Amino acid sequence: MKEWQRIADLSGLEPESVTVLGWVTHHRSSGRIEFVAIRDGTGEVQAVVRADAVSAETWEATRALTQEAAVRVSGQVRADARAPGGVELLVGELALVGASADYPLTPKEHGTDFLMEHRHLWVRTPRQAAVLRLRARIIHAIRAFLDDHGFVLADPPIITPAAAEGTTTLFGIDYFGEAAYLSQSGQLYMEALAMALGRVYSFGPTFRAEKSKTRRHLSEFWMVEPEIAFCDFDENLVWQEELVSYVVEDVLRHASRELETLGRDLDPLKKVQPPFPRLSYDEALGRLGEAGMPLSWGDDFGAAHETYLGSLFSAPVFIHRFPAAHKAFYMKPDPLRPEVALAADLLAPEGYGEIVGGSQRIDSPDLLARRLQEHHLPADTYDWYMDLRRYGSVPHSGFGLGVERLVAWVGKLEHVRETIPFARTLTRVWP
Ligand code: 4AD
Ligand code: MG
């Protein structure tokens, strides 16, 4: 037998004697019996300690337990229909591994600021642990889908010489005396890698000095960025809807315990099936106008507009062909209507707004050179990127999926700050 068992593996082991290692979430006594709830990251189990069945040492140690003390417990696994895992532990021996005095996160309600200040401890609570497990499963599903469809994982640099997504949200760093920036998006490099490998994707942290204090914005977030050679705008949308549907289906199948811990209503998730509805920017303006939220042609959507448009459908919705003037320099204009870009945002239902941004990229060297000028971007910094158009330029497309926004929607969480272990926001870089 193994030296110790994970709590998740106890069920079915009755009536074996096992050892469990974990932390005390709470304990209560009923005279000569103590009930100790122990968690180890895989699950929680109740350990029952009877004064007349253990040594004086074990009894003393048990009586002195405090919240989050680390313990080593040996005992017999017993069936208990009322217990979460279907079993409890009849303790023979209990020893303290690490003491815990005055644990700050008491079982009472705490405000979010206090919890974020103690994020290093908050992650131990069942709900937060479930979010992090859900995140891990979502990342696994994203990568499984892309790996299975011939996408090669290729990592772009994090320290970069230039902006990919506008110069206003750059985090600058001193790179041996030269100016450099933390990457806002690996896209430009992914385009180079797609010309080498065909289908590629990156999976890594990206950084934006966003002055937005909303429930959707982080200053450090993780993005998956597929880039595909010989792929037009329509095919790009198909990849996005297939990927997102796959992830949702995978989570329904493999993260049901986490979704249950989060109290997630599963019905809306079950309705997420491809193809997703497609609404042009112009059609979206029409819908917003009818709803009493009029915008002028060329205006950008705010959070309220995205929330409304997303709520019109049960699956995520693509808003496509945005006015080109306010969009990124690399987006290809629609040949049939050059004032709009072959770009789309994917808006999640249930009020979560944009989860994916993507586009077909400009493949003409002349047009790209002109766009760089119009956007006042220095030609020399982007010269390597121009090479991709000078040497065998092809139609290509890609997109960026924000992992935290996806986790927030799938888990139906209030704020993206709970979807990443240690959130970095406008007001927080601690702990
Ligand atoms: O729409 P964005 O800015 O697109 C790009 O960066 C493209 N270069 C991607 C590409 O085509 N390869 O960002 C993509 C996604 C958004 O849809 C959103 O989900 C997420 O990244 N995102 C953020 N998530 C959290 N906090 C922020 N501040 C975010 N900014 C973008
Ligand atoms: Mg976007």
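For the structure itself, consult the block above.
A quick note: this is a predicted structure, and the numbers were derived from the prediction, not measured. (Residues numbered from 1 in each chain as written. Chains lettered and ligands numbered in written order. Predicted model: local features only at pLDDT ≥ 70, side-chain atom pairs only at ≥ 80, totals over all residues. Heavy atoms only, no water.)

Right, let's talk about the overall build of the protein chain for a bit. Counting secondary structure elements, the protein chain contains 13 helices and 18 strands. By its C-alpha atoms, the protein chain is 85 × 55 × 40 Å across when sized along the principal axes. Looking at the 431 residues of the protein chain, the share that counts as buried comes to 50%. Taking the contacts inside the protein chain whose residues are at least 6 apart along the sequence as the reference set, 66% of them involve residues at least 24 apart. For the protein chain, the accessible area works out to roughly 20,300 Å², and carbon and sulfur atoms hold 53% of it. On the protein chain, the mean spot of the 45 positive side-chain charges and the mean spot of the 60 negative ones are 4 Å from each other. (Helix = DSSP H or I, 4+ residues; strand = E, 2+ residues; numbered from the N terminus. Buried < 20%, exposed > 50% of the residue type's maximum accessible area, 1.4 Å probe, protein only. Contact = heavy atoms within 4.5 Å. Areas by Shrake-Rupley, 256 points an atom, 1.4 Å probe, with all protein chains shown as cover. Lys, Arg positive; Asp, Glu negative; His and termini not counted. Charge placed at Lys NZ, Arg CZ, Asp CG, Glu CD.)

Moving on, we come to the sheet that holds strand 4 (residues 70-79). One closed barrel holds the 5 strands; their spatial order is 1-2-3-5-4, and the pairing between them is mixed. Averaged over all pairs of adjacent strands, the angle between strand axes in this sheet comes to 55°, irrespective of strand direction. Alignment of strand 3 (residues 44-50) against strand 5 (residues 87-98), held across 2 bridges, turns out to be parallel. Its bridge partner lying in strand 5, Ala47 is registered against Leu89. (Pairing = 2+ DSSP bridges. Axes fitted to C-alpha atoms, helices over the stretch in contact; angles between N-to-C directions.)

Let us look at the side chain of Asp80. Along the polypeptide, Asp80 turns up in the loop between strand 4 and strand 5. Apart from residues lying up to four places away in sequence, Asp80 is in contact with Gly86, Val87 and Glu88.

Following the criterion strictly, the structure yields 23 salt bridges and no others. In this structure, the salt-bridge partner of Glu350 is Lys412, at a minimum N-O distance of 3.4 Å. Here the residue Glu350 occupies a position in the loop between strand 16 (343-348) and strand 17 (353-360), and Lys412 occupies one in the segment after helix 13 (403-411), the gap between them amounting to 62 residues. By relative accessible area, Glu350 is classed as partly exposed at 26%. Beyond isolated ion pairs, a larger network of salt bridges with shared partners links Arg39, Glu68 and Arg124. (Salt bridge = Lys/Arg side-chain N within 4 Å of Asp/Glu carboxyl O.)

Looking now at unusual backbone geometry. Residue Pro274 is joined to Pro275 through a cis peptide bond whose omega torsion reads -5°. For Pro275, the location among the structural elements is in the loop between helix 8 (267-270) and strand 12 (278-280). Residues other than glycine seldom take positive phi values, yet Phe230 does so here, at roughly 55°. Here the phi dihedral of Arg321 falls at roughly 60°; this positive angle occurs in a residue that is not glycine. For Arg321, the position within the fold is in the loop between strand 13 (317-320) and strand 14 (333-334).

Turning next to the sheet that holds strand 12. Pairing is mixed across the open sheet formed by 8 strands, whose spatial order is 6-10-11-18-17-16-13-12. Here the strands that pair on one side only, and so sit at the sheet edges, are strand 6 (152-153) and strand 12. Two elements, strand 12 and strand 13, share 3 bridges in a ladder whose sense is parallel. Bridging from a neighbouring strand, Leu279 pairs with Ile319 of strand 13. On the sheet, helix 9 (residues 281-290) packs against strand 12 and strand 13 and is oriented at approximately 85° with respect to strand 12. Of the strands in this sheet, strand 12, strand 13, strand 16 and strand 17 are in contact with helix 10 (residues 303-311), which crosses strand 16 at around 75°.

Before going further, it helps to examine the nonpolar core. Residues Leu134, Ile138, Ile142, Leu406, Trp409 and Val410 are the most contacted members of the largest nonpolar core, which totals 59 residues. The element contributing the most residues to this core is helix 4 (residues 126-148), with 9 residues. Core analysis: the second largest hydrophobic core is formed by 32 residues, Leu170, Ala284, Leu285 and Met386 among them. (Core = buried A, V, L, I, M, F, W, Y, C linked by side-chain atoms within 4.5 Å.)

As a structural note, the neighbourhood of ligand 1 is formed by 22 residues, with Glu165, Gln187, Arg208, Glu225 and Glu354 the closest of them. At 2.6 Å from a nitrogen atom of ligand 1 is found a side-chain nitrogen or oxygen belonging to Glu165. At 3.4 Å from an oxygen atom of ligand 1 is found a main-chain nitrogen or oxygen belonging to Gly357. Protein coverage of the free-state accessible area of ligand 1, which is 630 Å², stands at 93%. At the level of elements, strand 11 (220-229), strand 17 and strand 18 (396-402) are the ones that each hand at least two residues to the shell around ligand 1. (Near = heavy atom within 4 Å. Polar contact = N/O pair within 3.5 Å; in protein donor to acceptor, adjacent residues only side chain to side chain.)

Further remarks concern the packing of aromatic side chains. Applying the stated rule across the entire model yields 15 aromatic pairs. Summarising the aromatic geometry, the rings of Phe329 and Tyr382 are spaced 5.5 Å apart at their centres and angled 75° between planes, so their arrangement reads as edge-to-face. Within this pair, whereas Phe329 is found in the loop between strand 13 and strand 14, its partner Tyr382 is found in the loop between helix 11 (365-374) and helix 12 (383-390), the two being separated by 53 residues in sequence. Their ring planes at 70° and their centres at 5.8 Å tell us that Trp384 and Tyr385 sit as a pair that is edge-to-face. Taking the relative accessible area as the measure of exposure, Trp384 reaches 29% and is therefore partly exposed. (Phe/Tyr/Trp six-rings, centres within 6.5 Å; stacked < 30°, edge-to-face > 60°.)

Contact geometry for helix 9 and helix 10: axes closest at 11 Å, N-to-C directions at 95°. Classed by the angle they form, the pair helix 9 and helix 10 counts as roughly perpendicular. On helix 10, the residues that touch Ala284, Arg287 and Leu288 of helix 9 are His305, Tyr308 and Leu309. (Parallel < 35°, antiparallel > 145°, perpendicular 65-115°, else oblique.)

For Leu193, the location among the structural elements is in helix 5 (residues 187-197). In sequence terms Leu193 and Glu227 are 34 residues apart; their C-alpha atoms lie 8.3 Å from each other. If sequence neighbours within four positions are ignored, Leu193 has contacts with Ala154, Gly198 and Val200.

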